[in-house]
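# Fold and contact review
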Amino acid sequence: KKRFKIKKLPLIDLVDLGLSIKGLSVPLQNTSFAISAFFSLLFSKADIIYSRDEFSLFLLSFFKKNLVFELHTFTESKKLYKMILFKFLFRRVKKIVVITKGLQGLLENQLGVSQDKIVVSADAVDLKQFVISKTRKECRDQLGLPLDKNIILYTGHLFGWKGVNRLVESSSYLADNDLIVIVGGMEHDQKKLNKFISEKNLRNILIVGYKPPKDIPVYLKAADILVLPNSGKNKISEHYTSPMKMFEYMAANKPIVASDIPSIKEVLNSDNAVLVAPDDSSALADGIKNILSNEELAEKVSQNAYTTVQDYTWDKRAKKVLNFIS
């Protein structure tokens, strides 16, 4: 309710200037921002400096002790300088917030971070945004979606580890009245996915592209099933991600079919979702068909997921993190 001010800091962004130097653009952007943040915060009297940017915190850690680092992923790179940077940073910051137990285990067991310095706090959702008075039919009318199809919906990015290729492949095992709808993705990722669909001669797939966040609850309400097909072949997906779409799916009170991988199973289980083998389009299709053919199962997992997600709100997350820091 009380808005905070946003202060923009200068940085060198070659892409924004219409330039791009492979291997240099991102490091230059990150480093120049870290330097800006360092000088902006060096004489700050803030109680806590909270960030997800390791470069900024690394520079500040030589002069500040009130730093909290929130970590969402970790690339287990063989590059020595990265390991040295992170190990130094983990020692210097006051607290570390991670979004999965997988990240917690990595920090404790492989990088020697003490348990009392870490809190696991998954991503979350604003439940109020997903309370919609419109019926499923009204939502479909608004979005121009067919009324005579079973809509299997995915929202979010189309990166390889998100498993969207396996989702579109599952269409070959589904019935003609089953429609896979994909909402989201950057333009070049949409083109790659469309090419994949064409090459595989897949059908009954609708890619609607990026939609503003305010439209997502309407799309979820319009669906019959929501799908989270993350890959089990990528460590980010398998151990480190806490997908915001998962909590939005749960808040939408719809049945979820999800990959049976550790990161997802920190929240979902056989009581509140249908879990299927990852990276297997046939298994994914079986999970979808299981829900479509079993109304009692669909109702059970939907309601249980909705009950579970009551503990995963942004307000509760903020209180948990603040209590841990203080």
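This is a predicted model, so every value here is computed, not measured.

## Re helix α10 (residues 244–251)
Owing to its 3.6 residues per turn, the α-helix brings residues three or four apart onto one side. Within α10, six of the eight residues are buried, leaving the element largely enclosed by the surrounding structure. Among all positions in α10, only Lys 245, Met 246, Phe 247, Tyr 249, Met 250 and Ala 251 are buried. Elements that come into contact with the buried residues of α10 comprise β5 (150–155), α8 (216–222), β8 (225–228), β9 (256–259), α11 (262–265) and α13 (295–309).

## A short note on the packing of aromatic side chains
Describing an aromatic ring pair means giving the distance of the ring centres and the angle of the ring planes. Scanning the entire structure with this criterion turns up eleven aromatic pairs. On the basis of an interplanar angle of 25 degrees and a centroid distance of 6.5 Å, the ring pair of Phe 69 and Phe 86 is categorised as stacked. Taken together, the positions of Phe 69 in strand β2 (residues 67–71) and Phe 86 in helix α3 (residues 80–92) put the pair 17 residues apart, joining distant regions of the chain. In this pair, the class of Phe 69 matches that of Phe 86, namely buried. Their ring planes at 35 degrees and their centres at 6.5 Å tell us that Phe 74 and Phe 90 sit as a pair that is tilted. Within this pair, whereas Phe 74 is found in the loop between β2 and α3, its partner Phe 90 is found in helix α3, the two being separated by 16 residues in sequence. Accessibility classification places Phe 74 together with Phe 90 in one group, the buried group.

## Observations concerning the sheet that holds strand β4 (residues 118–120)
Spatially, the four strands line up as an open sheet ordered β1-β2-β3-β4, and their pairing is parallel. Strands at the two margins of the open sheet, each flanked by one partner only, are β1 (49–51) and β4. This sheet shows a mean twist of 20 degrees between the axes of neighbouring strands, independent of strand direction. Here strand β3 (residues 95–98) runs beside β4; their pairing, made up of three bridges, is parallel. Paired with Val 98 across the two strands is Val 120, which belongs to β4. Helix-sheet contacts for helix α4 (residues 101–109) involve β2, β3 and β4, and the interaxial angle to β4 is about 160 degrees.

## Here's the deal with the sheet that holds strand β7 (residues 205–209)
Pairing between the strands of a sheet is mediated by backbone hydrogen bonds and can be parallel or antiparallel. Pairing in this open sheet of six strands is parallel, and the strands run β7-β6-β5-β8-β9-β10 from one edge to the other. What marks the edges here is a single partner per strand, and that holds for β7 and β10 (274–276). Strand-to-strand, the axes of this sheet are offset by a mean angle of 25 degrees, without reference to chain direction. Direction of pairing for β5 relative to strand β6 (residues 178–183): parallel, over a ladder of six bridges. Bridge pairing in β6 places Ile 152 opposite Ile 180. The strands touched by helix α7 (residues 187–199) within the sheet are β6 and β7, with β7 carrying the most contacts at an inclination of about 170 degrees.

So, how was this worked out
Residues numbered from 1 in each chain as written. Predicted model: local features only at pLDDT ≥ 70, side-chain atom pairs only at ≥ 80, totals over all residues. Heavy atoms only, no water. Buried < 20%, exposed > 50% of the residue type's maximum accessible area, 1.4 Å probe, protein only. Helix = DSSP H or I, 4+ residues; strand = E, 2+ residues; numbered from the N terminus. Contact = heavy atoms within 4.5 Å. Phe/Tyr/Trp six-rings, centres within 6.5 Å; stacked < 30°, edge-to-face > 60°. Pairing = 2+ DSSP bridges. Axes fitted to C-alpha atoms, helices over the stretch in contact; angles between N-to-C directions.

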